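In case you want the letters, here they are:
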Amino acid sequence: MKILVINGPNLNMLGIREPDIYGKSTYKDLTDMIEAYCEEKNVEVKCYQSNHEGALVDEIQSAYGTKDGIVINPGAYTHTSVALLDALKAVGIPAVEVHISKVDEREDFRQISYIRNYCEKTITGLGFDGYIKAIEYLIERDGKNDSGN
Ligand code: DQA
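Fair warning: this is a prediction, and the values are worked out from it, not measured in the lab. (Residues numbered from 1 in each chain as written. Predicted model: local features only at pLDDT ≥ 70, side-chain atom pairs only at ≥ 80, totals over all residues. Heavy atoms only, no water.)

A. Seen up close, the overall build of the protein. The number of helices and strands found in the protein is 5 helices and 5 strands. Along the protein, from the amino end to the carboxyl end, the secondary structure elements read β-α-α-β-α-β-α-β-β-α. For 149 residues, the compact-globule estimate of 2.2 N^0.38 gives 15 Å, and the protein sits close to it at 14 Å. For the C-alpha atoms alone, the extent of the protein along its principal axes is close to 45 × 30 × 25 Å. Counting the 149 residues in the protein, one finds 44% classified as buried. (Helix = DSSP H or I, 4+ residues; strand = E, 2+ residues; numbered from the N terminus. Rg over C-alpha atoms; globule rule 2.2 N^0.38 Å. Buried < 20%, exposed > 50% of the residue type's maximum accessible area, 1.4 Å probe, protein only.)

Here it is in structure tokens:
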């Protein structure tokens, strides 16, 4: 199984940006944790981060026919980007939306998520563990499909 984990703008600043909200661990800590988990589960994973909306669209498109699942935290583009929603719809790969913080308890402008219209599941407020939960979901889903259930 092949999974793509996408992080959007400012998530490269984890550990520095608003540690009271996002914690003190870095983006490298996050990718190390994801890679270790995936290795244990025999899943091939690519972690990708960009601050640019078009680059995120390109990365989603590149998953077409090559990945079995997408985990995506689009950062602030969650609340603004129809382009990311359309890219996910275009490739048709099962996807899970992840947010480190409890977005639903934050500002009004964070209450809209365009990609949520496509994603099978949304995980918020679990910190880095949310990414693991999302990968777990995709692995389980993939297993069910393989056995024809
Ligand atoms: C975030 C929440 C977004 O509102 C914010 O713009 C981010 C991070 C989260 O992981 O909690 O950059 O997606």
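B. Layout of the site of the ligand. Looking at the ligand, the residues that line it are Arg17, Tyr22, Asn73, Gly75, Ala76, His79, His99, Ile100, Ser101, Val103 and Arg110. Contact distances for the ligand include 2.7 Å between an oxygen atom and a side-chain N or O atom of His79. Ser101 is positioned with one of its side-chain polar atoms (N or O) 2.6 Å from an oxygen atom of the ligand. Calculation on the ligand without its partners gives an accessible area of 320 Å², and the protein chains cover 98% of this total. Spatially, the ligand is embedded in the largest pocket. Its residues placed into classes, the shell around the ligand shows 4 nonpolar, 5 polar and 2 charged. (Near = heavy atom within 4 Å. Polar contact = N/O pair within 3.5 Å; in protein donor to acceptor, adjacent residues only side chain to side chain. Areas by Shrake-Rupley, 256 points an atom, 1.4 Å probe, with all protein chains shown as cover. 1 Å grid on protein atoms, 1.4 Å probe; cavity = no way out; pocket = protein on both sides within 12 Å on 5 of 7 lines; lining within 4 Å. Sits in = over half its atoms within 2 Å of the grid points. Nonpolar A, V, L, I, M, F, W, Y, C, P; charged D, E, K, R; others polar.)

C. How the structure looks around the pattern of salt bridges. Enumeration over the complete set of coordinates arrives at 7 salt bridges. Of the charged contacts in the structure, one is a salt bridge between Arg106 and Glu107, with a shortest N-O distance of 3.8 Å. Note on Arg106: relative accessible area 19%, which makes it buried. Look at Glu107 and you get partly exposed, because its relative accessible area is 32%. In this structure, Glu140 engages Lys144 in a salt bridge whose closest nitrogen and oxygen atoms are separated by 3.6 Å. Separated by 4 residues within a single helix, Glu140 and Lys144 lie in helix H5 (residues 129-146), roughly one turn from each other. (Salt bridge = Lys/Arg side-chain N within 4 Å of Asp/Glu carboxyl O.)

D. Broad picture of the sheet that holds strand S2 (residues 44-49). Within the open sheet, the 5 strands sit side by side as S2-S1-S3-S4-S5. Their pairing is parallel. One side of each edge strand has no neighbouring strand; the edge strands of this open sheet are S2 and strand S5 (121-124). Within the sheet, the average angular offset between the axes of one strand and its neighbour, ignoring direction, is 15°. Sheet analysis places strand S1 (residues 2-7) next to S2, joined by 6 bridges and oriented parallel. Within S2, the residue paired with Lys2 across the bridge is Glu44. Along the sheet, helix H2 (residues 27-40) makes contact with S1 and S2, crossing S2 at roughly 165°. Set on the sheet, helix H3 (residues 53-62) makes contact with S1, S2 and strand S3 (69-73); between it and S1 the angle comes to about 175°. (Pairing = 2+ DSSP bridges. Axes fitted to C-alpha atoms, helices over the stretch in contact; angles between N-to-C directions. Contact = heavy atoms within 4.5 Å.)

E. Structural view of the layout of surface pockets. Taken as a whole, the largest pocket encloses approximately 160 Å³ of empty space. Looking at the largest pocket, it is lined by 15 residues, and the ones nearest its centre are Arg17, Tyr22, Gly75, Ala76 and Arg110. (Points joined across faces, edges and corners; volume = space filled by probe spheres on them.)

F. Layout of the side chain of Arg106. With respect to the helices and strands, the residue Arg106 is situated in the loop between strand S4 (95-99) and S5. At 2.9 Å, the side chain of Arg106 and the side chain of Tyr22 are in polar contact. Other than its neighbours up to four places away in sequence, Arg106 contacts Ile21, Tyr22, Ser101 and Gln111.

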